[in-house]
Amino acid sequence: MSPVAPTLQHELALAAAGGHRFIGAADEVGRGSLAGPVSVGYVVIDPAAVPELPGVRDSKLLSDAVRHELAPAIKSWAAAWGVGHASAAEIDALGLVPALRLAGYRAATAAHRVQQADAVLLDGNLDWLSATVQPMLLDSLVPGFGEPADIDGLLIPVRTLVKGDLLALSIAAASILAKVERDDLMDGYDRDYPAYGWIQNKGYGTAAHRAGILAHGASEYHRKTWQLTPKPPGPTTKAKGEGRTP
């Protein structure tokens, strides 16, 4: 576990700086996987009103059993929550960052139907959640909403926070929701495609997963524009590993 539990310090600071009440928080999982979706967890909280949430940490620091135990508590704790996914086919068609934006937009839209956030904390140093496409006039009447064909991301302020899943309680909570839902999806896909070991690797590029791809080819859930198997060494060069993993 993290030696220091995440707090609400950053949420309270963002609320105070912008005169906001409701703060959203987002984190992704599955960015580097060879198969399955990229998934974004999203919560909306009033940081001045919610209590601390014992046991919540960055999802990577918790066991699967603990994450599943915490997920219902997080959903009850938050004013609203959502998890959004962008499929392997969407990642292939759009590219990774636009697919992240799409998954985040889906997660936030689900949450905002219950409670709109005024601003968002986003894990990392890259803002992949803000809109890059301007909305149509009618969509612009409701900030943060609109169909993906018109708005491809959020219209409310987004602040990035490096190591946010370690520092901010809301981001850590969002990371748990994303991890639980995506892992459950990969476990379900494994029942149809057991050759890739997705119950164990969740779609990441382990040796067993790559061996399964070599033996059986890529499935419908693989990101086919990615380097799924090792590149053979050139005729005059030595192999330098398994190739780039996005």
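Below or above, wherever it landed, is the structure these notes cover. (Residues numbered from 1 in each chain as written. Predicted model: local features only at pLDDT ≥ 70, side-chain atom pairs only at ≥ 80, totals over all residues. Heavy atoms only, no water.)

### Looking at the overall build of the protein
Consideration 1: In terms of regular secondary structure, the protein is built from 8 helices and 5 strands.
Consideration 2: Seen in sequence order, the protein has helices and strands lined up from the N terminus as α-β-β-α-β-α-α-β-β-α-α-α-α.
Consideration 3: Considering the protein as a whole, with its 246 residues, one finds that 50% of them fall into the buried category.
Consideration 4: In the protein, of all internal contacts separated by at least 6 residues, the share reaching a separation of at least 24 is 73%.
Consideration 5: Surface exposure of the protein reaches about 11,400 Å², of which carbon and sulfur atoms provide 59%. (Helix = DSSP H or I, 4+ residues; strand = E, 2+ residues; numbered from the N terminus. Buried < 20%, exposed > 50% of the residue type's maximum accessible area, 1.4 Å probe, protein only. Contact = heavy atoms within 4.5 Å. Areas by Shrake-Rupley, 256 points an atom, 1.4 Å probe, with all protein chains shown as cover.)

### Quick look at helix α1 (residues 9-18)
Consideration 1: The set of residues buried in α1 consists of Glu11, Leu14 and Ala15. Each buried residue of α1 sits inside an arc of 100 degrees when the element is viewed along its axis, so together they form one side. Structural note: α1 exposes Gln9, Ala16 and Ala17 on the side pointing more than 90 degrees away from its buried face.
Consideration 2: In this fold, the buried residues of α1 make contact with β1 (23-29), β2 (38-45), β4 (119-123), β5 (158-161) and α6 (169-192). (Arc of directions from axis to C-beta.)

### Focus: the packing of aromatic side chains
Consideration 1: Enumeration over the complete set of coordinates arrives at 6 aromatic pairs.
Consideration 2: Seen from their ring centres, Tyr193 and Tyr221 are 5.9 Å apart, and the 85 degrees between their planes marks the pair as edge-to-face. Residue Tyr193 is located in the loop between α6 and α7 (198-201), and its partner Tyr221 is located in the segment after α8 (207-216); the two are separated by 28 residues in the primary sequence.
Consideration 3: Residue Tyr193 is classed as partly exposed on the basis of its relative accessible area of 25%.
Consideration 4: Taking 5.1 Å as the distance between ring centres and 20 degrees as the angle between the ring planes, the aromatic pair formed by Tyr196 and Trp198 counts as stacked. Accessibility assignment for this pair places Tyr196 and Trp198 in one class, buried.
Consideration 5: Following the ring pairs from residue to residue traces out a cluster consisting of Tyr189, Tyr193, Tyr196, Trp198 and Tyr221.
Consideration 6: Its guanidinium or amino end placed over the ring of Trp226, Arg223 lies 4.9 Å from that ring's centre, counting from NZ or CZ. (Phe/Tyr/Trp six-rings, centres within 6.5 Å; stacked < 30°, edge-to-face > 60°. Lys NZ or Arg CZ within 6 Å of the ring centre and 35° of its normal.)

### Some remarks on the pattern of salt bridges
Consideration 1: By the definition in use, this model includes 10 salt bridges.
Consideration 2: The partner of Asp64 in a salt bridge is Arg67, and the shortest N-O contact between them spans 4.0 Å. Of this pair, Asp64 and Arg67 both sit in helix α2 (residues 64-77), 3 residues apart, roughly one helical turn.
Consideration 3: Residue Asp64 is classed as partly exposed on the basis of its relative accessible area of 39%.
Consideration 4: Judged by its relative accessible area of 7%, Arg67 falls in the buried class.
Consideration 5: A salt bridge links Arg67 to Asp183; the nearest nitrogen and oxygen atoms lie 3.5 Å apart. On the criterion of sequence distance, the pair formed by Arg67 in helix α2 and Asp183 in helix α6 is long-range, its members being 116 residues apart. Accessibility classification places Arg67 together with Asp183 in one group, the buried group.
Consideration 6: One continuous salt-bridge network, built from bridges that share partners, spans Asp64, Arg67, Lys179 and Asp183. (Salt bridge = Lys/Arg side-chain N within 4 Å of Asp/Glu carboxyl O.)

### Notes on the side chain of His222
Consideration 1: Tracing the backbone shows His222 in the segment after α8.
Consideration 2: Given a relative accessible area of 0%, His222 falls into the buried group.
Consideration 3: At 2.8 Å, the side chain of His222 forms a polar contact with the backbone nitrogen of Ser219.
Consideration 4: Look past the residues within four positions of His222 in its chain and what remains in contact with it is Leu34, Ala35, Ala88, Asp92, Tyr196, Trp198, His209, Ile213 and Leu228. (Polar contact = N/O pair within 3.5 Å; in protein donor to acceptor, adjacent residues only side chain to side chain.)

### Focus on the nonpolar core
In a soluble, globular protein the nonpolar side chains are often hidden away together inside.
Consideration 1: Counting residues in each nonpolar core, the largest one holds 36 residues, and the members touching the most others are Val38, Tyr42, Val44, Val120, Leu129, Leu154 and Trp198.
Consideration 2: Counting residues per element, the ones that place at least two in this core are β2, β3 (80-86), α4 (96-112), β4 and α6.
Consideration 3: Residue contributions to this core peak at 8 residues, all from α4. (Core = buried A, V, L, I, M, F, W, Y, C linked by side-chain atoms within 4.5 Å.)

### Some remarks on α2
Consideration 1: In a regular helix each residue adds 1.5 Å, so 14 residues correspond to 20 Å; α2 covers 20 Å between its end C-alpha atoms and thus fits that length.
Consideration 2: Along α2, the positions that sit buried rather than exposed are Arg67, Leu70, Ala71, Ile74 and Trp77. (Expected span 1.5 Å × (residues − 1).)

### Let's talk about the environment of Glu11
Consideration 1: Structurally, the position occupied by Glu11 is in helix α1.
Consideration 2: In the structure, Glu11 is positioned 160 residues away from Ile171 in sequence and 9.5 Å away in space, judged by C-alpha atoms.
Consideration 3: With residues near it in sequence (within four places) discarded, Glu11 still touches Ile23, Ile45, Pro47, Leu121, Ala168, Leu169, Ser170 and Ile171.

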